[in-house]
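Residue-level listing of the chains:
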Amino acid sequence: MAVPSSVLKVEEIQGRGRGIVASQPLKAGQIILTDSPILLYPTSPFSQQHSSSFCDHCFKSCSSSSLVSCPSCHGYRFCDSTCLSKALNSSHSTFVCHSVPTSIISSLFSHPDNELFSLQLTSSLLAKDKLNAFGIMHPFSENDEHRSVRAYGIYPYASFFNHDCLPNACRFDYVDVNPPYHADGLNNTDFVIRMIHDVPQGREICLSYFPVNDNYSSRQKRLLEDYGFACNCDRCNVESNWSDNESIEENAEEDKQEVMAMDDEEEDEQYENMEPSDTDNNDFPHAYFFLKYMCDRTNCGGTLAPLPPKGDTLSNVMECNVCGKLKSDDDNINVDDKAQDGEVPMED
Ligand SMILES: C[S@@+](CC[C@H](N)C(=O)[O-])C[C@H]1O[C@@H](n2cnc3c(N)ncnc32)[C@H](O)[C@@H]1O
């Protein structure tokens with residue numbers, strides 16, 4: 001199996017099954033993969049009388065009053081007549097509309113493998129969803145401590161990424177907003193995977209399967225229960241030696257002065273190109289990661305990655321993959337300023 005990216009390859013990784021490896025050096029902010037769902041389904045597939053205000057085809061947030069109901073079943077609602085007519089030819093075909101159990105398949109975008117799609121395949125994919133499905137979340141709000149999932153999606157290539165508690169890449173989606181850079185042809189439910197920092201050729205590229213600020217024991221519990229493995233990443237190896245009341249924030253605070261005193265080049269040399277074998281028990285750069293790549297907005301917990309480089313020029317603007325906040329090296333940029341330079345409207 002290959003991924004549609006010239007900079008990545010799929011390899012067997014000892015103890016982890018298949019994983020994705022850089023086939024050339026990768027740069028901070030670089031888009032390494034764009035993936036479309038082969039299947040999207042709402043969180044509560046059997047309760048179509050939902051009070052939520054998102055479209056049952058593209059899952060974009062819309063005001064309840066503007067939603068258009070399916071004229072036949074009245075249970076499904078769409079953002080407008082265009083989405084309704086797209087749905088009638090795909091996710092909400094007559095077959096789906098008239099058969100309640102199969103209405104679980106809420107959105108099926110055109111995909112090269114569509115002809116191979118059967119209910120059997122769908123069922124087996126759904127059965128595997130705990131391991132392979134990605135959540136499309138409700139929009140971020142600082143007042144909402146527990147953001148819920150509005151839909152799940154099966155992304156055939158993104159599901160090859162293994163987990164690391166200090167990831168080197170992260171996933172962005174732009175369900176409700178446009179990306180803050182040119183992204184021709186991107187559907188609103190597509191995922192964009194971008195590098196958080198530089199990595200050399202041959203390094204495994206990992207995502208974090210959940211926000212990186214969870215503590216050691218909850219991460220271990222979640223990975224074991226939901227994904228079936230005990231994580232032995234470098235961060236876990238360090239944190240397994242910490243006392244219960246030691247937190248990442250405390251350690252980050254202790255190391256803050258040291259990190260702040262370095263210039264960017266020194267930081268990159270000291271931390272990002274580190275091999276795990278270069279570190280002894282307690283000096284793996286958690287503090288650095290948290291200071292540089294964690295969003296500081298209340299209840300966000302998102303990860304920051306630079307915007308894609310323009311040619312060889314790296315961006316000094318970081319984007320949060322949860323709340324969308326943009327932050328430059330010097331100060332914060334208002335999210336509304338995204339609409340300026342270089343942004344194009346998303347295609348429907
Ligand atoms: C989304 S899949 C990733 C691709 C998977 N390795 C494969 O071969 O298809 C998630 C599964 O990969 C494995 N996995 C992911 N990250 C891992 C890690 N850090 N250590 C061990 N296994 C891991 C676990 O079996 C997990 O349930």
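Residues numbered from 1 in each chain as written. Predicted model: local features only at pLDDT ≥ 70, side-chain atom pairs only at ≥ 80, totals over all residues. Heavy atoms only, no water.

As annotated in an unreviewed UniProt entry, the protein chain carries the name SET domain-containing protein and comes from Vicia faba.

Engineer: Could you give an account of the overall build of the protein chain, naming the residues involved and the relevant values?
Structural biologist: Assigned secondary structure in the protein chain consists of nine helices and 16 strands. Within the protein chain, buried positions represent 46% of all 348 residues. Surface summary for the protein chain: the accessible area is close to 17,600 Å², and the carbon and sulfur share equals 47%. (Helix = DSSP H or I, 4+ residues; strand = E, 2+ residues; numbered from the N terminus. Buried < 20%, exposed > 50% of the residue type's maximum accessible area, 1.4 Å probe, protein only. Areas by Shrake-Rupley, 256 points an atom, 1.4 Å probe, with all protein chains shown as cover.)

Engineer: Account for the pattern of salt bridges, with residues named and values stated.
Structural biologist: In total, this model carries 12 salt bridges according to the counting rule given. Taking the shortest distance from any N to any O, the salt bridge between Glu239 and Arg219 comes out at 3.0 Å. Placement of the pair is Glu239 in helix α6 (residues 234-239) and Arg219 in helix α5 (residues 216-227), with a sequence separation of 20 residues. With its nearest N and O atoms 3.5 Å apart, the salt bridge here joins Glu225 to Lys221. Highlighted residues: Glu225 and Lys221, both in helix α5, separated by four residues, approximately one helical turn. Exposure remark for Glu225: the relative accessible area of 56% places this residue in the exposed category. (Salt bridge = Lys/Arg side-chain N within 4 Å of Asp/Glu carboxyl O.)

Engineer: Give me the lowdown on the site of the ligand, citing residues and values where you can.
Structural biologist: Residues in contact with the ligand amount to 14 residues; listed here are only the nearest, Arg16, Arg18, Asn162, His163 and Tyr227. The contact in question runs from a nitrogen atom of the ligand to an N or O atom on the backbone of Arg18, over 2.7 Å. Protein burial of the ligand: of its 570 Å² of free accessible surface, 83% is covered by the chains. Of all the secondary structure elements, the ones that give two or more residues to the shell around the ligand are β2 (17-22), α4 (129-132) and β9 (162-163). Residue composition of the shell around the ligand, grouped by class: six nonpolar, six polar and two charged. (Near = heavy atom within 4 Å. Polar contact = N/O pair within 3.5 Å; in protein donor to acceptor, adjacent residues only side chain to side chain. Nonpolar A, V, L, I, M, F, W, Y, C, P; charged D, E, K, R; others polar.)

Engineer: Tell me about the sheet that holds strand β12 (residues 204-207), residues and numbers included.
Structural biologist: Strand order in this open sheet of four strands is β1-β2-β12-β9, and the pairing throughout is mixed. Single-partner strands in this sheet number two, and they are β1 (8-13) and β9. Of the strand pairs in this sheet, β1 and β2 are connected by six bridges, and their pairing is antiparallel. The residue of β2 that forms the bridge with Lys9 is Val21. (Pairing = 2+ DSSP bridges.)

Engineer: Let's hear about unusual backbone geometry: which residues, and what values?
Structural biologist: Unusually for a residue other than glycine, Phe59 sits at a positive phi of about 65°. The backbone phi angle of Asn299 is positive, close to 60°, even though this residue is not glycine. By the secondary structure assignment, Asn299 is in the loop between α9 (286-293) and β13 (304-306).

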